[in-house]
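# Understanding the architecture of this molecule
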Amino acid sequence: GKTVECYTLNGGFILDFPCLREAKIWLLKEKSLNSPNADKQIKAGIHIVPEENLHDIILRAKSLCVEGKDDDAYKIMESLRQKHPDFGQAYFMLGTIEMYKENYVKGQALLNRAIQLGLPDDDMAWAYHNLGYSLLQKQDFKKAKGFLEKAMEFNPDMEESKKALKFLDDLP
């Protein structure tokens, strides 16, 4: 969830770490290399970036999509994905935008990666729904049904998946 940034007081560079443990290991190595200010570095050198910052970025991108500014949202998410390559929601947003643009192959790859990395339940439901929907477009009804049912597991009240499943059930 959180990102840990480390920097040296004398060098001024920043490195991102996925967890505090890795950051401390790096700083301890720095301590042995630069002993005069090392204790200050360990205290001053760790800055935990709150999860809300990532959450705010996601919300901004989602609102841009609602406004029809998919390209702007895509740029923000691509930048976020590059900074945080293990952040599933960045892949989710990129994949969803690709799906809206009917770039199904690219969208599917991004959504599958998002699912692998993990998402909040609501986004997980939408990822599976969008994968199912893309398979409906290809008329691969059996696989589509599996993805739509999976979407319902994450959000049993998801009307879009309910409608798509009803459509599949009504097929001859």
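A brief report on the enclosed structure follows. (Residues numbered from 1 in each chain as written. Predicted model: local features only at pLDDT ≥ 70, side-chain atom pairs only at ≥ 80, totals over all residues. Heavy atoms only, no water.)

A cluster of nonpolar side chains, contributed by Phe 141, Phe 167 and Leu 171, occupies part of the molecular surface with about 240 Å² of accessible area. Residue Phe 141 is classed as partly exposed on the basis of its relative accessible area of 30%. (Patch = residues over 30% accessible without salt bridge, like charges linked within 9 Å, V, L, I, M, F, W, Y side chains within 5 Å. Areas by Shrake-Rupley, 256 points an atom, 1.4 Å probe, with all protein chains shown as cover. Salt bridge = Lys/Arg side-chain N within 4 Å of Asp/Glu carboxyl O. Buried < 20%, exposed > 50% of the residue type's maximum accessible area, 1.4 Å probe, protein only.)

Geometry of an aromatic ring pair is reported as the spacing of the ring centres plus the angle between the planes. Taken as a whole, this structure holds two aromatic pairs when the rule is applied. Pairing Tyr 128 with Phe 154 gives two aromatic rings, centres 5.8 Å apart and planes at 15 degrees, and the pair type is stacked. A residue pair is termed long-range when its members are at least 10 positions apart, and Tyr 128 in helix 7 (residues 121-137) and Phe 154 in helix 8 (residues 141-154) qualify at 26 residues. Judged by relative accessible area, which is 12%, Tyr 128 ranks as buried. Counting every residue linked through ring pairs, the aromatic cluster contains Tyr 128, Phe 147 and Phe 154. Above the ring of Tyr 74, the side-chain terminus of Lys 101 is found at 5.5 Å from the ring centroid. The ring of Tyr 91 has Arg 113 sitting right over it, with the charged end atom 5.8 Å from the ring centre. (Phe/Tyr/Trp six-rings, centres within 6.5 Å; stacked < 30°, edge-to-face > 60°. Helix = DSSP H or I, 4+ residues; strand = E, 2+ residues; numbered from the N terminus. Lys NZ or Arg CZ within 6 Å of the ring centre and 35° of its normal.)

Looking now at the packing of helix 5 (residues 88-100) against helix 6 (residues 104-117). Helices that pack against each other are described as a pair by the angle of their axes relative to one another and the distance between those axes. Remark: helix 5 packs on helix 6, axes separated minimally by 7 Å, with the N-to-C direction vectors making an angle of 160 degrees. Taken together, the axes of helix 5 and helix 6 lie roughly antiparallel to each other. Between helix 5 and helix 6 lies a crossing whose hand is left-handed. Contact residues: Gly 88, Tyr 91, Phe 92, Leu 94, Gly 95, Thr 96, Glu 98 and Met 99 in helix 5; Tyr 104, Lys 106, Gly 107, Gln 108, Leu 110, Leu 111, Arg 113, Ala 114 and Leu 117 in helix 6. Grouping the amino acids of the contact of helix 5 with helix 6 by side-chain chemistry returns nine nonpolar, five polar and three charged. (Axes fitted to C-alpha atoms, helices over the stretch in contact; angles between N-to-C directions. Parallel < 35°, antiparallel > 145°, perpendicular 65-115°, else oblique. Left-handed = near helix turned anticlockwise from the far one by under 90°. Contact = heavy atoms within 4.5 Å. Nonpolar A, V, L, I, M, F, W, Y, C, P; charged D, E, K, R; others polar.)

Purely geometric numbers; function is a separate question.
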